[in-house]
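Report on the structure
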Amino acid sequence: AYCQEVRLQQKERPVGYNVRTERWSYTEWNKGKAGAELYDHDRDPHELTNLAADPQHAATVAEMTEALIACPSVTPAAARSTGRASQGACRALSG
């Protein structure tokens with residue numbers, strides 16, 4: 001399964017969208033223009049090493065980007081209207 005969360009803008013940090021699987025967590029800030037983060041929860045459960053720019057993980061970044069695009073969006077406005085900093089939508093990945 002994967003989940004998408006909206007991370008609302010805070011001071012100097014832009015809006016981010018996150019998608020997660022059991023193993024991976026991937027976030028794009030401002031649609032990737034303000035950076036991206038990829039963490040391997042099997043090897044790095046505390047998210048200390050960002051693998052998004054590592055060429056060895058390019059295929060994982062591409063797969064997670066596709067999952068993020070395919071996920072039904074939770075907009076920043078919807079998250080604000082609930083008064084919660086983050087809100088998610090989940091569904092199963094094929095394969």
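As a starting point, this report considers the structure included with it.

Analysis parameters
Residues numbered from 1 in each chain as written. Predicted model: local features only at pLDDT ≥ 70, side-chain atom pairs only at ≥ 80, totals over all residues. Heavy atoms only, no water. Salt bridge = Lys/Arg side-chain N within 4 Å of Asp/Glu carboxyl O. Helix = DSSP H or I, 4+ residues; strand = E, 2+ residues; numbered from the N terminus. Buried < 20%, exposed > 50% of the residue type's maximum accessible area, 1.4 Å probe, protein only.

Here's the deal with the pattern of salt bridges
Opposite charge on two side chains permits them to pair, given that their charged atoms come into close proximity. A full pass over the atoms with the stated rule returns two salt bridges. One salt bridge in this structure joins Arg23 and Asp40, with 2.7 Å as the shortest N-O distance. Taken together, the residues span a long stretch of sequence, with Arg23 in the loop between strand S2 (16-20) and strand S3 (24-29) and Asp40 in strand S4 (residues 36-40) at a distance of 17 residues. Arg23 gets classed as partly exposed once you look at its relative accessible area, which sits at 30%. The residue Asp42 makes a salt bridge to Arg23 at a minimum N-O spacing of 3.6 Å.

With respect to unusual backbone geometry
Unlike most non-glycine residues, Glu47 shows phi in positive territory, near 55 degrees. For Glu47, a relative accessible area of 31% corresponds to the partly exposed category.

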